[in-house]
Amino acid sequence: MDLGVRWKLHGDGRTPAPGAVVRPDERLSWPRTVGLGAQHVVAMFGASFVAPVLMGLDPNLAIMMSGVATVIFLLATRGRVPSYLGCSLSFVGVAAVIRAQGGTSATVTGAVLVVGAVLFLVGLAVQRFGARIIHAAMPPIVTGAVVMLIGFNLAPVTASTYWPQDQWTALLVMLFTGLAVVCLRGFWSRVAIFLGLVFGYGLSWASDRIFGKIHSVDASGKLTDHWRLDLSGVSKADWIGLPSFHGPTFQWSAILVALPVVIALVAENAGHVKAVGEMTGDPLDDKLGTAISADGVASVLSTAVGGPPNTTYSENIGVMAATRVYSTAAYWAAAGFALLFGVCPKFGAVVAAIPGGVLGGITVILYGMIGLLGAQIWLNAKVDLRNPLNLVPAAAGIIIGVGNVTMKFTDTFSLSGIALGTLVVITGYHALRAFAPAHLKKQEPLLDEGTSSYDTGADPAAPRAES
C-alpha cells in the first residue's frame, strides 16, 4: 500500500529548478527539508498556539496533537495533499459560549469531539455522493453567513476579556501586527501574528520594568494591581514531561453550540485542497472527501484526550507558495517538531503566559479576519445580496449570531448566538427558496467556486480554461 512516504530528490536537492515546483512526492536535501518543516511550524505558531490558550486548553497538548493530526492527514491522503493541521480558530467562540454557560474544559472538548465525528461522516458522504451533496445544503450564501457570524460573535470576548487588561499594550500590538501583515513580504508577512506576539511579550516586559504593576482587571475579571507579564509558571515548569490529558463530557446544549462550525471546516478544507491542486498542477478533486474525513478523525482523536480540534492552515499555503516547495516530507518534519514541543512543559508555560493585553491586540485582528472570510466566500461565489432570497436569511442569522439573541424553548433548553443564527440561516434560506418566485431562484454557484471546483462533470485531468 502506497502511504506517500517515499520521495524522489528534486534536482540537485538545493533549490527548485527555475519555473518548477517541488511536488508532494519530491523533496530537497534532508537538512533543507527539516528546515522547511521548522518554518511551517513557525508559520502556524501565531494562530494555532493562541487558539488553545483562548479556548482554555493545554497548549502543550494542543501542539502535540497537531503533530499527530498532521501525520493522520498525510497518511489518509497518501501524501498527495501537503498540509499541517493546527487548532482551528473557528472553535474559539464556541468555547467562550460553552464556558459562559458554566461548561468546563471537558464540556468543550466533548462538544467539539461530536463536531469531529460529524465532519468525518460528511467526508464519507462526499466520497460516496460527490461534493454536490454539500452544495445542495450549504450554498455560498449560507456558508459565508455562518463563517461571518462565527467570527463576529467573538467581538465581545476581545472587548470585555482581553482588551481591558492592558488597553495601551493591546492598541500597540494591534498596530504593530497590522503593519507587519501589510508591509512585510514573503515568509515574514505569513508569520505576522507570531511577530505580534513577540513584540507584545517584549513590550509587556519593558512596561513592567518601567511603569511597574498595572491597575486593571486580570484574567479572572478582578480589578487589581498585577504584572502584565507573569513568568512564574515558566520557571516552575519542567523541560521534559507529558501534557495533561482529560476525557470529554457531553452536554446537548454545548453540542448544539458547536455543530455549526462543521460548515466552516468544510469550507476550509475545500479551499485548501483546491489551492494545493492549482499550485501543484495535480487535480485533487478526488481527495476532498478524504481530506474532510481525515480532518474529522484527527479532531476526534485530539479532543478525546483533552486537546483542541484541528484543521488545515492557510498560513502554510502561503509558505508553500513563497518557497515553491510542496513536499509532504517537510510536513512530516513539521509534525516531528510539534511532537517535540508537546513534551516540553516549559514551552507550553511560555505560551500560556501570553499577557491579556497582547491577546487583546491580536484577537481584534484574528477575530475580524475570521468573520471577513465569510465575506470572501460571498465575493468568490459572486453572491448577489440584492436578491432578497439571499439577503433576508443571511441578515437575520448574522444579527442573531453576533448579538447572541436567545430563544428559550423550555426551562432547561434554549438556543442562542452561533447555534440559533446558523439554524436561522440554513432553515430560513431553504424555506424561503421553496416559496420564492422562479426569477429569484437563479442557479447558485457551487460552494467552492472560486476556491474549488468539484463534480462539474468535466474530466479532472482535462485542462481548465482560465477565467
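Here is a short report on the structure shown in this document. In this text, all values refer to a predicted model and were calculated from it rather than measured experimentally.

## Description of the overall build of the protein chain
When you go through the protein chain residue by residue, the secondary structure sums to 21 helices and 8 strands. Here the protein chain holds 467 residues, and 54% of them are scored as buried. For the protein chain, the share of sequence-separated contacts (at least 6 apart) that also reach a separation of at least 24 residues comes to 79%.

## So, the packing of helix α4 (residues 92-100) against helix α5 (residues 105-129)
In the contact formed by α4 and α5, the axes pass within 9 Å of each other and the chain directions differ by 135°. Our classification of the angle between α4 and α5 gives oblique. Viewed along their axes, α4 and α5 form a crossing whose handedness is right-handed. From α4, Ala95, Ile98 and Arg99 reach across to α5, where they touch Ser105, Thr107, Val108 and Ala111. Classifying every residue of the contact of α4 with α5 gives 4 nonpolar, 2 polar and 1 charged.

## Focus on the packing of helix α9 (residues 167-183) against helix α11 (residues 192-211)
Packing of α9 against α11 brings their axes to within 9 Å, and their N-to-C directions diverge by 145°. The way α9 lies across α11 gives a crossing that is right-handed. Two secondary-structure elements touch here, α9 through Thr169, Leu172, Val173, Phe176, Thr177, Ala180 and Val181 and α11 through Ala192, Ile193, Leu195, Gly196, Phe199, Gly200, Leu203 and Ser204. Here the residues of the contact of α9 with α11 sort into 10 nonpolar, 5 polar and no charged.

## So, the nonpolar core
As a rule of thumb, soluble globular proteins bury nonpolar side chains together. In terms of nonpolar packing, the biggest core is built from 95 residues, with Met55, Tyr84, Val92, Ile354, Tyr367 and Trp378 touching the most fellow members. Looking at this core element by element, the count peaks at 10 residues for helix α14 (residues 261-280). Among residues more than four places away in sequence, those in contact with Val92 are Ala51, Leu54, Met55, Leu154 and Tyr367. Of all hydrophobic cores here, the second largest spans 5 residues; its members include Val22, Leu28, Val325 and Ala330.

## A closer look at the environment of Asn380
Summarising the element assignment, Asn380 is placed in helix α19 (residues 356-381). Note: C-alpha distance between Asn380 and Pro140 (240 residues apart in sequence) is 8.9 Å.

## What about a nonpolar patch on the surface?
Among the surface-exposed residues, Phe120, Leu121, Leu124 and Val297 lie close enough to one another that they form a single nonpolar patch of about 310 Å² accessible area. Residue contributions to the nonpolar patch peak at 3 residues, all from α5. Mapped onto the secondary structure, Val297 falls in helix α15 (residues 288-304).

## So, unusual backbone geometry
With phi around 55°, Arg78 is a residue other than glycine that occupies positive phi space. Tracing the chain through its elements places Arg78 in the loop between α3 (59-76) and β3 (85-87). At Lys382, a position not held by glycine, the phi torsion is positive, near 55°. Among the secondary structure elements, Lys382 is positioned in the loop between α19 and α20 (388-403).

## Considerations on the packing of aromatic side chains
For any pair of aromatic rings, geometry is given as the distance between the ring centres together with the angle between the planes. One pass over the structure, following the stated rule, counts 3 aromatic pairs. Between Trp7 and Trp30 the ring centres are 5.9 Å apart and the planes differ by 85°, which places this aromatic pair in the edge-to-face class. Of the two residues, Trp7 sits in the segment before β1 (8-9) while Trp30 sits in helix α1 (residues 30-43), which places them 23 residues apart along the sequence. Between Phe176 and Phe199, the aromatic rings sit 4.3 Å apart at their centres with planes inclined by 5°, giving stacked as the arrangement. One end of the pair, Phe176, is in helix α9; the other, Phe199, is in helix α11, with 23 residues separating them in the sequence. We classify Phe176 as partly exposed; its relative accessible area is 30%. Take Phe199: its relative accessible area is 28%, and that puts it in the partly exposed class. One cation-aromatic arrangement involves Arg209 over Trp227; the distance from NZ or CZ to the ring centre is 5.8 Å.

## Side note on the environment of Asp285
On the secondary structure map, Asp285 appears in the loop between α14 and α15. C-alpha separation for the pair Asp285 and Lys274, spaced 11 residues apart in sequence, amounts to 7.5 Å.

## Let's talk about α5
With 25 residues, α5 should cover 36 Å at 1.5 Å per step; its first-to-last C-alpha distance of 36 Å lies within 8% of that length. Phi for Gly130, located one or two positions after α5, is positive at around 90°.

## Things to note about the side chain of Arg228
Within the secondary structure, Arg228 sits in the loop between β5 (223-226) and α12 (232-236). Note on Arg228: relative accessible area 14%, which makes it buried. At 3.3 Å, the side chain of Arg228 forms a polar contact with the side chain of Asp166. In terms of polar contacts, Arg228 uses its side chain to reach the side chain of Asp208, at 3.0 Å. Not counting residues up to four positions away in its chain, the partners in contact with Arg228 are Asp166, Ser204, Ser207, Asp208, Phe211, Gly212, Lys213, Ile214 and Pro355.

## Some thoughts on the pattern of salt bridges
Using the criterion set out here, one finds 3 salt bridges in the structure. The residue Asp166 makes a salt bridge to Arg228 at a minimum N-O spacing of 3.3 Å. Of the two residues, Asp166 is situated in the loop between α8 (155-162) and α9 and Arg228 in the loop between β5 and α12; the sequence distance between them amounts to 62 residues. Each member of the pair, Asp166 as well as Arg228, is classed as buried. The shortest N-O distance in the salt bridge between Asp384 and Arg386 comes to 3.0 Å. A relative accessible area of 74% means that Arg386 is categorised as exposed. Linked by salt bridges that have partners in common, Asp166, Asp208 and Arg228 make up one network.

Cut-offs and rules
Residues numbered from 1 in each chain as written. Predicted model: local features only at pLDDT ≥ 70, side-chain atom pairs only at ≥ 80, totals over all residues. Heavy atoms only, no water. Helix = DSSP H or I, 4+ residues; strand = E, 2+ residues; numbered from the N terminus. Buried < 20%, exposed > 50% of the residue type's maximum accessible area, 1.4 Å probe, protein only. Contact = heavy atoms within 4.5 Å. Axes fitted to C-alpha atoms, helices over the stretch in contact; angles between N-to-C directions. Parallel < 35°, antiparallel > 145°, perpendicular 65-115°, else oblique. Left-handed = near helix turned anticlockwise from the far one by under 90°. Nonpolar A, V, L, I, M, F, W, Y, C, P; charged D, E, K, R; others polar. Core = buried A, V, L, I, M, F, W, Y, C linked by side-chain atoms within 4.5 Å. Patch = residues over 30% accessible without salt bridge, like charges linked within 9 Å, V, L, I, M, F, W, Y side chains within 5 Å. Areas by Shrake-Rupley, 256 points an atom, 1.4 Å probe, with all protein chains shown as cover. Salt bridge = Lys/Arg side-chain N within 4 Å of Asp/Glu carboxyl O. Phe/Tyr/Trp six-rings, centres within 6.5 Å; stacked < 30°, edge-to-face > 60°. Lys NZ or Arg CZ within 6 Å of the ring centre and 35° of its normal. Expected span 1.5 Å × (residues − 1). Polar contact = N/O pair within 3.5 Å; in protein donor to acceptor, adjacent residues only side chain to side chain.

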